[in-house]
Amino acid sequence: MSQSDADRAAATAVVAHHTQLAADLTRHVAALREAAGPGTSPAWRRERQALLDWLRAELLPHATAEETALYPAAADRPGGRPLVEGMLAEHKAITALVAELDTAGTAVDAAAAARALAAVFEVHLAKENNLILPLLLDAPQVDLAGLLGGLHALLGAADAPGGCGGGGCGCGGDGGGADVAAPVLSVDARIDVRRLPHDQRHARVLAAVGALPADAALVLVAPHAPRPLLAEIDARYPGQIDIQWLQDGPDVWQLRLHRQAVTV
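**Quick look at the packing of helix α4 (residues 80-103) against helix α9 (residues 227-236)**
Running from N to C, α4 and α9 point in directions that differ by 75°, and their axes come no closer than 8 Å. If you check the angle between α4 and α9, you find them roughly perpendicular. Counting all contacts with α4, which are made through Thr-95, Ala-96, Val-98, Ala-99, Asp-102 and Thr-103, the residues of α9 involved are Ala-231, Glu-232, Ala-235 and Arg-236. Classifying every residue of the contact of α4 with α9 by side-chain character gives five nonpolar, two polar and three charged.

Right, here's the structure in full:
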């Protein structure tokens, strides 16, 4: 198979994966909206959680991997940078809608956030398929098959048995074990999520951050770099939480989350 054939085959596979993502999102959103209809029952909370688990296990890691594997090459193409900047802005909008869905207090609010997220993602995928991929396919010097292989490798940890993909965390897999020693690097309180079930980690950390008073901090101890979680924190508390990376792997990641003092 020639390089161009390999690139086209890889692009076709990505479009097929995008189609599956869109179908899964549509299914989850429809289930939530049905549960949030007239005569609303507590079932909407169950459907909301199922959607959040899927978003954190599938959609958010996919977006993060695209930013690493595809977007830099697209930004280097003539006219590509404004397009990529728009795609990154949509990733931020999607992350903000995930946070809005997570904090929705009523079934109607949850259904509205989910529907808005689906609409943004539909437009986003159309740009991926019709603008980003053709831009890279038309560049002979770009090894699209190689880039997409890198994207698959980034997502592979989340898909591996025992990784975050199996439990819904969506942070990209467990790089270290729960028994690896985490040195004390700060006098602040610590929250070690390594022994928590994957589907409880985001909620536990978000609750702890939300309870922080102004000018207080806590240290998050994690088995991997929690980038999707940090994006959720930024979306929920924009400009309020300062992040300091105290330990950046390879077995343990520690981050100091400092709630900024209120200024008057």
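What follows continues from the structure just given.
**Overview of the packing of α4 against helix α5 (residues 107-137)**
Between α4 and α5, the least distance of the axes is 9 Å, while the angle of their chain directions is 160°. When the axes of α4 and α5 are compared, the pair comes out roughly antiparallel. Here α4 and α5 pass one another in a crossing that is left-handed. Looking at side-chain class alone, the contact of α4 with α5 contains 18 nonpolar, three polar and four charged residues.

**Describing the nonpolar core**
If you look at the biggest cluster of nonpolar residues, it comprises 28 residues, and the most contacted ones within it are Leu-25, Leu-51, Leu-55, Leu-59 and Leu-101. Setting aside residues no more than four positions away along its own chain, Leu-51 makes contact with Leu-25, His-28, Val-29, Leu-32, Leu-101 and Ala-114. Core analysis: the next-biggest nonpolar cluster, separate from the first, contains 20 residues, Leu-229, Leu-230, Ile-233 and Leu-255 among them.

**Things to note about α4**
In a regular helix each residue adds 1.5 Å, so 24 residues correspond to 34 Å; α4 covers 35 Å between its end C-alpha atoms and thus fits that length. Buried within α4 are the following residues: Gly-80, Val-84, Met-87, Glu-90, His-91, Ile-94, Thr-95, Leu-97, Val-98, Ala-99, Leu-101 and Asp-102.

**Comments concerning helix α8 (residues 198-210)**
Three or more residues of α8 are buried, namely His-198, Arg-201, His-202, Val-205, Leu-206 and Val-209. Looking straight down α8, one finds its buried side chains confined to an arc of 115°; they lie on one side.

**Here we look at the pattern of salt bridges**
Tallied over the full model, the rule gives six salt bridges. Among the ionic pairs, Asp-24 bridges to Arg-27, the shortest N-O distance being 3.6 Å. Residue Asp-24 and its partner Arg-27 are located together in helix α1 (residues 3-35), separated by three residues, close to a single helical turn. Residue classification places Asp-24 among the buried residues on the basis of a relative accessible area of 17%. Judged by relative accessible area, which is 49%, Arg-27 ranks as partly exposed. With a closest N to O distance of 2.8 Å, Asp-192 and Arg-194 form a salt bridge. What makes Arg-194 buried here is its relative accessible area of 10%. Each of Arg-56, Asp-102, Glu-232 and Arg-236 takes part in a single network of salt bridges with overlapping partners.

**With respect to the confidence of the model for the protein chain**
Per-residue confidence for the protein chain gives a mean pLDDT of 82, with 85% of residues at or over 70. The lowest-confidence element of the protein chain is helix α7 (residues 164-167), averaging 43 in pLDDT; the highest-confidence one is α5, averaging 94. Predicted confidence for residues 156-170 stays below pLDDT 50, and this span has 37 contacts to residues more than four positions away or in other chains.

**Topic: the pairing of strand β2 (residues 217-222)**
Burial of β2 is extensive: six of the six residues sit out of reach of the surface. Going residue by residue along β2, you find Ala-217, Val-219 and Val-221 tucked away on one face and Leu-218, Leu-220 and Ala-222 tucked away on the opposite face as well. Alignment of strand β1 (residues 189-192) against β2, held across four bridges, turns out to be parallel. Paired with Ala-189 across the strands is Leu-218, a residue of β2. Handedness of the crossover joining β1 and β2 through α8 is recorded here as right-handed.

Basis of the calculations
Residues numbered from 1 in each chain as written. Predicted model: local features only at pLDDT ≥ 70, side-chain atom pairs only at ≥ 80, totals over all residues. Heavy atoms only, no water. Axes fitted to C-alpha atoms, helices over the stretch in contact; angles between N-to-C directions. Helix = DSSP H or I, 4+ residues; strand = E, 2+ residues; numbered from the N terminus. Parallel < 35°, antiparallel > 145°, perpendicular 65-115°, else oblique. Contact = heavy atoms within 4.5 Å. Nonpolar A, V, L, I, M, F, W, Y, C, P; charged D, E, K, R; others polar. Left-handed = near helix turned anticlockwise from the far one by under 90°. Core = buried A, V, L, I, M, F, W, Y, C linked by side-chain atoms within 4.5 Å. Buried < 20%, exposed > 50% of the residue type's maximum accessible area, 1.4 Å probe, protein only. Expected span 1.5 Å × (residues − 1). Arc of directions from axis to C-beta. Salt bridge = Lys/Arg side-chain N within 4 Å of Asp/Glu carboxyl O. pLDDT = per-residue confidence, 0-100. Pairing = 2+ DSSP bridges. Right-handed = clockwise from strand over helix to strand, strands pointing away.

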